[in-house]
Amino acid sequence: MSSSTLDLGSILATLTAASRRPRYAFLVLGLIAEAARADGRAGPWIRTRTQGPEGEGERVALRDWLARQLAPLAANDRRRATLRAKVAARIATEDAAVIDAAVAEEALAIGRANVSRAVSDLVRAGLVRRHYAGRITDHVNRGGRRMAVYAVEPPVLNAIRSRPTLV
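Residues numbered from 1 in each chain as written. Predicted model: local features only at pLDDT ≥ 70, side-chain atom pairs only at ≥ 80, totals over all residues. Heavy atoms only, no water.

## Topic: the overall build of the protein
Here comes step 1: Counting its secondary structure elements, the protein contains six helices and five strands.
Here comes step 2: Its helices and strands in sequence order give the protein the pattern α-α-β-β-β-α-α-α-β-β-α, from N to C terminus.
Here comes step 3: With 167 residues in all, the protein has 38% of them scored as buried.
Here comes step 4: In the protein, of all internal contacts separated by at least 6 residues, the share reaching a separation of at least 24 is 55%.
Here comes step 5: If you sum the accessible surface of the protein, you get close to 10,400 Å²; carbon and sulfur atoms cover 51% of it. (Helix = DSSP H or I, 4+ residues; strand = E, 2+ residues; numbered from the N terminus. Buried < 20%, exposed > 50% of the residue type's maximum accessible area, 1.4 Å probe, protein only. Contact = heavy atoms within 4.5 Å. Areas by Shrake-Rupley, 256 points an atom, 1.4 Å probe, with all protein chains shown as cover.)

Shown next, in the form of structure tokens:
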């Protein structure tokens, strides 16, 4: 992909060739670009806008933040109703609050997996680079309590940020 002709249309065309879910991958790319610093890197932690115990935003892992941002897309989905029924049968309680908490936890886990697949598509398309930052050392492979860091390629970041609003 030529960086001189890079625009949102060419990004979408690239994603269409590299992903089975190009619209979802584009949403993930937009959120990563939103969270990215000036150098295009996002993560391993994101500070949310909600107030935490210290009076500042809560510190959340990047993949969890992405999954939380995308969770409303599936809130009214028929699969969410099916998930709720399965969770209610598994935990065998009538307490709606307990069921809601269990459904939210399971939906977040599913969301994390979906984000990981979308980022793999973005990496395969050459739009994003991924590595893992650790407590002791950074590494290209996950594990050892390392957290994902995503870096949007500079031409892609410029194309996305050149628009006042995303599609």
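## Overview of helix H1 (residues 8-18)
Here comes step 1: Three or more residues of H1 are buried, namely Leu-8, Ser-10, Ile-11, Thr-14, Leu-15 and Ala-18. Buried residues in H1, looked at end-on, bunch into an arc of 165°, giving them a common side. Exposed residues on H1 whose side chains face more than 90 degrees from its buried face are Thr-16 and Ala-17.
Here comes step 2: Against helix H2 (22-35), helix H5 (96-125) and helix H6 (154-161) lie the buried residues of H1. (Arc of directions from axis to C-beta.)

## Points about unusual backbone geometry
Here comes step 1: Residue Pro-44 is reached from Gly-43 by a cis peptide bond, and omega for that bond is 5°.
Here comes step 2: The topology assignment puts Pro-44 in the loop between strand E1 (41-42) and strand E2 (45-51).
Here comes step 3: For Ala-92, which is not glycine, the phi dihedral falls at a positive 50°.
Here comes step 4: With respect to the element layout, Ala-92 can be found in the loop between helix H4 (78-91) and H5.

## Some thoughts on the packing of aromatic side chains
Here comes step 1: Per the stated rule, a full pass over the model turns up zero aromatic pairs.
Here comes step 2: It is Arg-21 that lies over the ring of Tyr-24; its NZ or CZ is 4.4 Å from the centre.
Here comes step 3: Taking the ring centre of Trp-45 as reference, the NZ or CZ of Arg-59 above it sits at 4.3 Å. (Phe/Tyr/Trp six-rings, centres within 6.5 Å; stacked < 30°, edge-to-face > 60°. Lys NZ or Arg CZ within 6 Å of the ring centre and 35° of its normal.)

## What to know about the sheet that holds strand E5 (residues 147-152)
Here comes step 1: Judged by pairing direction, the sheet is antiparallel, and its three strands sit side by side in the order E1-E5-E4 without closing on themselves. Where the open sheet ends on each side, the last strands, each with one partner, are E1 and strand E4 (128-133).
Here comes step 2: Bridge count for E4 against E5 is six bridges, and the pairing is antiparallel. In the sheet register, His-131 faces E5, and the bridge partner there is Val-149. (Pairing = 2+ DSSP bridges.)

## Notes on the environment of Leu-108
Here comes step 1: Relative to the helices and strands, Leu-108 is located in helix H5.
Here comes step 2: Of the residues examined, Leu-108 reaches a relative accessible area of 18% and is grouped as buried.
Here comes step 3: For the pair Leu-108 and Leu-70, spaced 38 residues apart in sequence, the C-alpha separation works out to 9.6 Å.
Here comes step 4: Those residues in contact with Leu-108 that lie beyond four places of it in its chain are Asp-64, Ala-67 and Arg-68.

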